[in-house]
Amino acid sequence: MIFSGTATKYLAEKICASLGCPLGNMSVTRFADGEFEVCFDESVRGRDVFLVQSTFPSADNLMELLLMIDAAKRASAKTVNAVIPYFGWARQDRKSKPRVSIAAKLVADMLSVAGISRVLTMDLHADQEQGFFNVPVDHLYASSVIIPYIKSLNLENLVIATPDVGGAKRAGAYAKYFDCPLVLCNKKRVKANEVASMQVIGDVEGADVVLIDDMVDTAGTITKAADLMMEHGARSVRACASHCVMSGPASERVQDSALTEIVFTDSIPYSNRCAKVKQITVADIFAQTIRRVLDNESISSQYLI
């Protein structure tokens, strides 16, 4: 049985359509003070329950998922599986300075305590975050839909690039798959979401550059990298990222940048209108994974990289 939180119902409906099963009935009652109550409107006793909810801001989305897990567990579900296309709080995966929390670990503990049996997620900010959970984690990759899209562009002189050195491993996997050059951008930050300077490491003269990243938040880094690539002689610059956070001035920055387009998955809904933003669905990937989990089949066999 598949149920959806409020924020990710659009994706859950696509997953159910791919699986050929109905979306379960669930209601959320909100009280005057902002508190809310989750209730399954049909029996889940003895069933394998999959709860679809990305945990992007606001924190209500995470809280709703926790309540859904708790309700399913207390209603005697056989297994409670959290399908989290975008795992929020993942950027806080270590103590980057003194006296800060490790939010990714805390959220993983909260989900475990609530009663999850398994997590299905996609493109965590750092692969090692799978170790934060004490239950099986099926870590999917957006490359399954992004690679076919890049292929469809038929770019003559493809160069894969990363907007920061931290994404070199991810971009390197794409470059290896396409057997093309890899270019890095080295950036220095003044503070979070604010880039002070950036340098290009590699040759992009006459190249069709595709920037690869896991998420785009305020779009400051990705647009600065795109503009810099064009200044260094690139013929065109596109960007592909897994998660469409796109907060604050992101849409305006993308629209005003040198980017030809920026492609995301639909792990997070995008309501702003920007002609350069395109979303491709990952519903089929999650649907196939859910089916494989139920049939005890290999998950990794569906990976491209």
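Structure's up top.
Residues numbered from 1 in each chain as written. Predicted model: local features only at pLDDT ≥ 70, side-chain atom pairs only at ≥ 80, totals over all residues. Heavy atoms only, no water.

This part covers helix α8 (residues 283-294). Given a rise of 1.5 Å per residue, 12 residues ought to cover 16 Å, and the 17 Å separating the end C-alpha atoms of α8 matches this to within 8%. For α8, the full list of buried residues reads A283, I285, F286, A287, T289, I290, R292 and V293. Remark: N296 follows α8 within two positions and exhibits a positive phi of approximately 55°. (Helix = DSSP H or I, 4+ residues; strand = E, 2+ residues; numbered from the N terminus. Expected span 1.5 Å × (residues − 1). Buried < 20%, exposed > 50% of the residue type's maximum accessible area, 1.4 Å probe, protein only.)

All right, on to the pairing of strand β12 (residues 236-244) then. β12 sits mainly inside the fold: nine of its nine residues count as buried. Judged from the eight bridges that link them, strand β11 (residues 208-216) and β12 form a sheet pairing that is parallel. Looking at the pairing, V210 lines up with R238 of β12. On the question of chirality, the crossover connecting β11 to the parallel β12 by way of helix α6 (residues 220-231) is right-handed. The pairing of β12 with strand β13 (residues 262-265) spans two bridges and is classified as parallel. (Pairing = 2+ DSSP bridges. Right-handed = clockwise from strand over helix to strand, strands pointing away.)

Ranked by internal contacts, the top residues of the largest apolar core, which has 38 residues, are I15, I150 and I160. Secondary structure elements with two or more residues in this core: α1 (9-19), β4 (48-52), β6 (118-122), α4 (143-153), β8 (158-162), α5 (168-178), β11 and α8. Broken down by element, this core gets its largest block of residues, six residues, from α8. Ignoring sequence-local partners within four residues, the contact set of I160 consists of A171, Y174, A175, F178, C180, P181, L182, V183, V210 and I212. (Core = buried A, V, L, I, M, F, W, Y, C linked by side-chain atoms within 4.5 Å. Contact = heavy atoms within 4.5 Å.)

Scanning all chains against the criterion turns up four aromatic pairs. Summarising the aromatic geometry, the rings of Y141 and Y303 are spaced 5.2 Å apart at their centres and angled 90° between planes, so their arrangement reads as edge-to-face. A residue pair is termed long-range when its members are at least 10 positions apart, and Y141 in the loop between β7 (137-140) and α4 and Y303 in the segment after α8 qualify at 162 residues. Among the residues examined, Y141 registers a relative accessible area of 23% and is labelled partly exposed. Above the face of the F36 ring, R30 is positioned so that its terminal group lies 4.7 Å from the ring centre. (Phe/Tyr/Trp six-rings, centres within 6.5 Å; stacked < 30°, edge-to-face > 60°. Lys NZ or Arg CZ within 6 Å of the ring centre and 35° of its normal.)

The parallel open sheet is built from five strands, whose spatial order is β1-β4-β5-β6-β7. Edge strands, defined here as strands with exactly one partner in the open sheet, are β1 (2-4) and β7. The average undirected angle you get between the axes of adjacent strands in this sheet is 20°. Both strand β5 (residues 79-84) and β6 contribute to a ladder of four bridges, which runs parallel. Residue pairing in the sheet places N81 in a bridge with R118 of β6. Strands in contact with α1 are β1 and β4; relative to β1, the strand with the most contacts, it is inclined by about 160°. (Axes fitted to C-alpha atoms, helices over the stretch in contact; angles between N-to-C directions.)

This part is about the side chain of E64. Mapping E64 onto the fold places it in helix α2 (residues 60-74). Of the polar contacts made by the side chain of E64, one reaches the side chain of Q53; its length is 3.0 Å. Apart from residues lying up to four places away in sequence, E64 is in contact with G5, T6, A7, V28, R30, F36, V38 and Q53. (Polar contact = N/O pair within 3.5 Å; in protein donor to acceptor, adjacent residues only side chain to side chain.)

Okay, the packing of α4 against α5 next. Here α4 crosses α5 at 45°, and the two axes come no closer than 12 Å. The orientation of α4 with respect to α5, classified from their angle, is oblique. For the element pair α4 and α5, the recorded crossing hand is right-handed. On the side of α4, the interface is formed by S143, I146, I147, I150 and K151, while α5 contributes Y174, Y177 and F178. Looking at the contact of α4 with α5 residue by residue, the class counts come to six nonpolar, one polar and one charged. (Parallel < 35°, antiparallel > 145°, perpendicular 65-115°, else oblique. Left-handed = near helix turned anticlockwise from the far one by under 90°. Nonpolar A, V, L, I, M, F, W, Y, C, P; charged D, E, K, R; others polar.)

Next up on the list: the environment of C240. Relative to the assigned elements, C240 resides in strand β12. For C240 and D48, which are 192 residues apart along the polypeptide, the C-alpha to C-alpha distance reads 34 Å. Once you skip the residues sitting within four places of it in the chain, C240 turns out to touch I146, I150, V210, L211, I212, D213 and V263.

Here the focus is the pattern of salt bridges. One pass over the full model with this rule turns up 11 salt bridges. Across the pair R235 and E156 runs a salt bridge, and its minimum N-O distance is 3.7 Å. Of the two residues, R235 is situated in the loop between α6 and β12 and E156 in the loop between α4 and β8; the sequence distance between them amounts to 79 residues. A salt bridge links R235 to D208, with the shortest nitrogen-to-oxygen separation between them at 2.7 Å. Here R235 is found in the loop between α6 and β12, whereas its partner D208 is found in strand β11, with 27 residues between them in sequence. You can call R235 partly exposed: its relative accessible area is 44%. Salt bridges sharing partners connect three or more residues here, namely E156, D208 and R235. (Salt bridge = Lys/Arg side-chain N within 4 Å of Asp/Glu carboxyl O.)

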